Amino acid sequence: MAANKMEAVDAVWIILSAFIVFTMQTGFALLESGLVSMKSKTNIMVKSVLDVCFGSVAYWFIGYGISFGSDASTGNSFSGNGQFMTDVDVSTDAKVYIKYFFQLSFASASTTIISGAVAERIHLFAYMIVVILNTGIIYVFPAHWLWDNNGWLFKKGAHDFAGSGVVHMAGGAAALSTAFIIGPRYGKFDEPKKVYTISSGSNVILGTFFLWWGWIGFNCGSTFIISNGSWKVASRVAVVTMNGAIAGGISGIVFSISLRKKRKYIIDITELSSGLLAGVVSITACSDVIRPWEGLFIGFCGGLIANGTIKLVELMKIDDPVGAFGVHYAAGFWAMIATGFFADMGPGDNSINGGVFRKGSGRLLAYNIVAILVITIWSGGLNAISFWIVKRTIGVRMSIDEEKIGVDKIELNDCNEPDYVSKNAIEVGSSGQINIFSTATIHSVSSSKKVKSFQENFSSKKKEPIISTGSFSQLKDTYL
């Protein structure tokens, strides 16, 4: 009876943790919608829904079986087998449902990383195919290699506790390869450059908070049990996770302040968010085997690495609107390396399997480096090949004209700004500025000398429809 109670407690722990991880999709949606331009923000939220819908059905049909299928006669170190279209006898195998539900939350999160890298220019049909292939086929093999007891990297001693490699590096490698193949947004690197600004800093910060709190379930839930003293490990994981995020956020602030003289402002919202998230990615591989102070150090370094990588990717003229490669791949890379140096695998014979700084033999570091290489080649390479095939067959890219109008209007019939400007939408401020109100934002133009002529011209002109591209310039040219 006592054993059954402990099983029930562990089951509730995992289900609640998985629920928290699924809420991270809310965080991704808010964060990415804030980082893209106004005319694309709804589209990127819809892609988070597609990640769960199409990714989940692919994972249920085939993905879980490849990662964790438990048919001992056909499963091997390369892949699992069995439990496809996952359906078991709940009276005897209910644990399969628990594991499936938790792992599904991770699988969908990995694919969401790709979404931001191809934002504002990918067709939804093409993205649906990407989601199905990545979640159901590509992602699931590294999950088996590192997380299943029969996986070859697991047997060799590689350690990735909650997915810095399996989830974040894999998603980041896929993000870079797809962003490279689809090409940059219209005018991004042309001369003169088209400036893409974020649509909502508040969404970015709110999304960051959702992801931050979600990561507690992400990492703590990866203990899988809290009975028989395992809650002690979960408690340390929680503290290390918080420390990694805190230090990453501080590193983002430091990175921003270092550029203050050049930019004339203190904190860049995107660098703050990227640093914080990269900090928690950096300790995800090792949060069960490091001390809290090490979480601070590793998280701080991870934030700097991520923000530096984001700048490097831009210099390479690869358009990654949300910094997915820097935050997820670069910080995940660092996490796997840091695990090889700092991991404490326990006293006695276990110590030899620990990190180099814990008097380990170096085996852990060596096989974590192997894991880095195979995840990069597998996830980056296969996503590049599959995405190139989709590009050459049905196409992946919106036309320039469609990009100018915006994916929200083209693919969702969601126009973020009104088609007509009326007198009621215009207000002359006390200092002479003209405010033009829309359903989503307020554009303000300092134009005290032109207020009178603006009012006269506006009242005399016919109220013709304005094609909204998310930019104020066309409206200004029409009426000022």
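So, how was this worked out
- Residues numbered from 1 in each chain as written.
- Predicted model: local features only at pLDDT ≥ 70, side-chain atom pairs only at ≥ 80, totals over all residues.
- Heavy atoms only, no water.
- Patch = residues over 30% accessible without salt bridge, like charges linked within 9 Å, V, L, I, M, F, W, Y side chains within 5 Å.
- Areas by Shrake-Rupley, 256 points an atom, 1.4 Å probe, with all protein chains shown as cover.
- Salt bridge = Lys/Arg side-chain N within 4 Å of Asp/Glu carboxyl O.
- Helix = DSSP H or I, 4+ residues; strand = E, 2+ residues; numbered from the N terminus.
- Buried < 20%, exposed > 50% of the residue type's maximum accessible area, 1.4 Å probe, protein only.
- Polar contact = N/O pair within 3.5 Å; in protein donor to acceptor, adjacent residues only side chain to side chain.
- Contact = heavy atoms within 4.5 Å.
- pLDDT = per-residue confidence, 0-100.
- Core = buried A, V, L, I, M, F, W, Y, C linked by side-chain atoms within 4.5 Å.
- Phe/Tyr/Trp six-rings, centres within 6.5 Å; stacked < 30°, edge-to-face > 60°.
- Lys NZ or Arg CZ within 6 Å of the ring centre and 35° of its normal.
- 1 Å grid on protein atoms, 1.4 Å probe; cavity = no way out; pocket = protein on both sides within 12 Å on 5 of 7 lines; lining within 4 Å.
- Points joined across faces, edges and corners; volume = space filled by probe spheres on them.
- Nonpolar A, V, L, I, M, F, W, Y, C, P; charged D, E, K, R; others polar.
- Expected span 1.5 Å × (residues − 1).
- Bend = angle between axes of the 7 residues up to and from the residue.

A. Geometry of a nonpolar patch on the surface. Side chains of Val 57, Trp 60, Phe 61, Ile 62, Phe 84, Met 85 and Ile 137 sit close together on the surface and give an oily, nonpolar patch of about 570 Å² of accessible area. The biggest single contributor to the nonpolar patch is helix 2 (residues 41–68), with four residues.

B. Region of the structure containing the side chain of Ser 67. Counting through the fold element by element, Ser 67 comes out in helix 2. We classify Ser 67 as buried; its relative accessible area is 0%. Engagement of the side chain of Ser 67 in a polar contact is seen with the backbone oxygen of Val 140, the distance being 2.7 Å. If we ignore the near neighbours within four places in the chain, the residues touching Ser 67 are Tyr 59, Val 140, Ala 143, His 144 and Asp 148.

C. Quick look at the confidence of the model for the protein chain. The pLDDT averaged across the protein chain works out to 87; a share of 84% of its residues lies at or above 70. Confidence drops under pLDDT 50 across residues 418–480; counting only partners more than four residues distant or on other chains, this segment forms 84 contacts.

D. Fine view of the nonpolar core. The biggest cluster of nonpolar side chains holds 85 residues, and the ones touching the most others in it are Tyr 139 and Trp 147. Counting residues per element, this core draws most heavily on helix 13 (residues 324–342), which supplies eleven residues. Residues in contact with Tyr 139, not counting those within four places in the same chain, are Phe 106, Ala 107, Ser 110, Asn 134, Trp 147, Val 166 and Val 167.

E. Broad picture of the packing of aromatic side chains. All chains considered together, the criterion is met by 25 aromatic pairs. Between Phe 78 and Phe 141, the aromatic rings sit 5.2 Å apart at their centres with planes inclined by 45°, giving tilted as the arrangement. With Phe 78 in the loop between helix 2 and helix 3 (90–117) and Phe 141 in helix 5 (residues 140–147), this residue pair connects regions lying 63 residues apart in the sequence. You can call Phe 78 partly exposed: its relative accessible area is 39%. Taken together, the ring pairs connect Phe 102, Phe 106, Trp 147, Trp 215, Phe 218 and Phe 224 into an aromatic cluster. Lys 47 extends its terminal NZ or CZ atom over the ring of Tyr 127, reaching a point 5.1 Å from the ring centre. Here the basic side chain of Lys 194 rests over the ring of Tyr 196, its NZ or CZ set 5.3 Å away from the ring centre.

F. Structural context of unusual backbone geometry. Looking along the chain, the bond that leaves Glu 191 and enters Pro 192 is cis, with omega of -5°. Turning to its location among the elements, Pro 192 is positioned in the loop between helix 7 (164–182) and helix 8 (201–220). Despite not being glycine, Lys 264 has its phi angle at roughly 70°, a positive value. Inspection of the secondary structure assignment puts Lys 264 in the loop between helix 10 (260–263) and helix 11 (269–284). Despite not being glycine, Lys 359 has its phi angle at roughly 65°, a positive value. Inspection of the secondary structure puts Lys 359 in the loop between helix 13 and helix 14 (363–393). Residue Lys 359 is classed as exposed on the basis of its relative accessible area, which comes to 78%.

G. Here's a closer look at the layout of surface pockets. Looking at the second largest pocket, its volume works out to about 1000 Å³. Along its surface, the second largest pocket is lined by 35 residues, and Lys 188, Thr 270, Ile 310, Lys 311 and Glu 314 are the ones closest to its centre. Listed by contribution, the elements that provide at least two residues to the lining of the second largest pocket are helix 10, helix 11, helix 12 (292–315) and helix 13. Taken together, the residues that form the lining of the second largest pocket break down as 15 nonpolar, seven polar and 13 charged.

H. Summary view of helix 3. Its 28 residues place the ends of helix 3 40 Å apart at the C-alpha level, agreeing with the 40 Å of an ideal helix rising 1.5 Å per residue. Roughly 25° is the biggest bend found in helix 3, and it falls at Val 96.

I. Representation of the pattern of salt bridges within the structure. Inspection of every chain in the model, using the stated rule, returns eight salt bridges. Note that Glu 403 and Arg 397 form a salt bridge whose closest N and O atoms lie 2.7 Å from each other. On the basis of relative accessibility, which here comes to 6%, the residue Glu 403 falls in the buried class. On the basis of relative accessible area, Arg 397 is assigned to the partly exposed category, the value being 27%. One salt-bridge network, held together by shared partners, links Glu 120, Arg 185 and Asp 319.

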